[in-house]
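# Inside the fold
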Amino acid sequence: MNFQYATNESLTPEELKELFLSIRWFSGHYSQKLTQAMENSSMVFTARHRGKLIALASTLDDGVLTAYLHNLLVHPDYQGLGIGRTLVKKVKEYYKDYPYLLVIPEEKRNIAFFEDLGFEPIENAIPMQNKDILI
């Protein structure tokens, strides 16, 4: 299969909704907010197949020191084909001059994926979130 990769392309609410809901991310129900979130991201790396949005990685950064790989998602029909790995490699290449590129996998089963791509756990670090504002 031939995939087309791009950065910071315009994304429609409909295609974001379809992609996010395909992996059962609740934020897919907020497609207008997702569109804004992608526009407000520092970078968005996308993958398409025959024009269809099939994957994306979005980042947030401070411009010089620290970047966060915020979202990484691949449509279930395209998982296992190396698309997520390619997107992470593109993120790493883009941020190669940043001393810190961080990711917080939400599921423990994804830790090995990121370790294989050169990430490692930060000793004594514990990710936290504010539950007062969760949807």
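Anyway, here's the lowdown on the structure attached to this text. Going along each chain's sequence as written, the residues are numbered from 1 onward. The predicted nature of this model means local features are confined to residues of pLDDT at least 70 and side-chain atom pairs, given and counted, to a pLDDT of 80 or more, with totals for whole chains, interfaces and linings taken over all residues. Note that water and hydrogens are dropped before the side-chain values are worked out from all heavy atoms of the structure.

## Things to note about the overall build of the chain
- Secondary structure counts use DSSP, requiring at least four H or I residues in a row for a helix and at least two E residues in a row for a strand, with both numbered from the N terminus. Secondary structure summary: the chain contains four helices and five strands in total.
- Order of helices (α) and strands (β) in the chain, N terminus to C terminus: β-α-α-β-β-β-α-β-α.
- Here the globule rule is a power law, 2.2 Å times the number of residues to the power 0.38, and the radius of gyration is based on C-alpha atoms. Here the C-alpha radius of gyration of the chain, 15 Å, is about what a compact globule of 135 residues would show, namely 14 Å.
- Projected onto its principal axes, the C-alpha coordinates of the chain cover approximately 40 × 40 × 30 Å.
- Taking the intrachain contacts of the chain between residues at least 6 apart in sequence as the baseline, contacts between residues at least 24 apart amount to 59%.
- Methods summary: accessible areas were calculated by the Shrake-Rupley approach with a probe of 1.4 Å, and residue burial reflects only the protein chains presented. Total accessible area computed for the chain in this model is approximately 9100 Å², and 50% of it derives from carbon and sulfur atoms.
- Positive: Lys, Arg. Negative: Asp, Glu. His and the chain ends are not part of the count. Where a charge sits is defined by one atom per residue type, namely NZ (Lys), CZ (Arg), CG (Asp) or CD (Glu). One way to put it: in the chain the 14 positive side-chain charges average out to a point 7 Å from where the 17 negative ones average out. Any two residues having at least one pair of non-hydrogen atoms within 4.5 Å are treated as being in contact.

## Notes on the pairing of strand S5 (residues 100–103)
- By the bridge criterion, four bridges tie strand S4 (residues 66–74) to S5 in an arrangement that is parallel. What sits directly across from Thr 66, in S5, is Tyr 100.
- Between S4 and its parallel partner S5, the chain crosses via helix H3 (residues 83–94), and the hand of that crossover is right-handed. Should DSSP find at least two bridges between two strands, the strands are taken to pair. Assignment of crossover handedness uses the view with strands pointing away from the viewer, where a clockwise path from the first strand over the helix to the second indicates a right-handed crossover.

## Focus: the sheet that holds strand S3 (residues 52–61)
- In space, the five strands of this open sheet follow the order S1-S2-S3-S4-S5, with mixed pairing throughout. The strands lining the two open edges of the sheet, one partner per strand, are strand S1 (4–7) and S5. On average, each strand axis in the sheet is inclined to that of its neighbour by 20°, with strand direction left out of account.
- Those strands touched by helix H1 (residues 13–22) are strand S2 (43–49), S3 and S4, and its axis lies near 90° from that of S3. Fitting a line to C-alpha atoms yields each axis, with helices limited to the stretch in contact; the angle taken between N-to-C directions then spans 0 to 180 degrees.

## Some remarks on the packing of aromatic side chains
- A pair of aromatic rings is counted whenever rings of Phe, Tyr or Trp (Trp by its six-membered ring) have centres within 6.5 Å, and the orientation is called stacked for planes under 30 degrees apart, edge-to-face for over 60 and tilted otherwise. Using the criterion set out here, one finds eight aromatic pairs in the structure.
- Measuring from ring centre to ring centre gives 5.8 Å for Phe 114 and Phe 119, while their planes differ by 90°; the resulting arrangement is edge-to-face.
- Any residue under 20% of the maximum accessible area for its type is buried, any over 50% is exposed, and the rest in between are partly exposed; the area is computed with a 1.4 Å probe on protein chains only. Phe 119 gets classed as buried once you look at its relative accessible area, which sits at 14%.

## A few points about the packing of H1 against helix H2 (residues 31–40)
- One way to put it is that H1 packs onto H2 with a least axis distance of 8 Å and a crossing angle of 100°. Judged on the interaxial angle alone, H2 and H1 are roughly perpendicular. Together, Pro 13, Leu 16, Lys 17 and Phe 20 of H1 and Ser 31, Gln 32, Leu 34, Thr 35 and Met 38 of H2 make up the contact between the two elements.
- For the contact of H1 with H2, the class distribution of residues is five nonpolar, three polar and one charged. Under this scheme an angle from 65 to 115 degrees is roughly perpendicular, one under 35 degrees roughly parallel, and one over 145 degrees roughly antiparallel; angles in between are oblique. We call Asp, Glu, Lys and Arg charged. Ala, Val, Leu, Ile, Met, Phe, Trp, Tyr, Cys and Pro are nonpolar, and the rest, Gly among them, are polar.

## A look at a nonpolar patch on the surface
- Here, patches come from residues exposed beyond 30% relative accessible area and free of salt bridges, joined within 9 Å for like charges and within 5 Å for nonpolar side chains (Val, Leu, Ile, Met, Phe, Trp, Tyr). Each reported salt bridge corresponds to a side-chain nitrogen of Lys or Arg within 4 Å of a carboxyl oxygen of Asp or Glu. On the surface, a nonpolar cluster with roughly 310 Å² of combined accessible area is contributed by Val 64, Leu 65 and Tyr 100.
- Tracing the backbone through its elements, the reader meets Val 64 in the loop between S3 and S4.

## Section: the side chain of Ser 58
- On the secondary structure map, Ser 58 appears in strand S3.
- A distance of 2.9 Å separates polar atoms of two side chains, one belonging to Ser 58 and the other to Asn 71.
- In this structure Ser 58 touches Met 38, Ser 41, Met 43, Val 44, Tyr 68, Leu 69, His 70 and Asn 71, once residues within four positions along its chain are discounted. The definition of a polar contact used here is a pair of N or O atoms within 3.5 Å, where within protein one atom must be able to donate a hydrogen and the other to accept one, and adjacent residues in sequence count solely through side-chain atom pairs.

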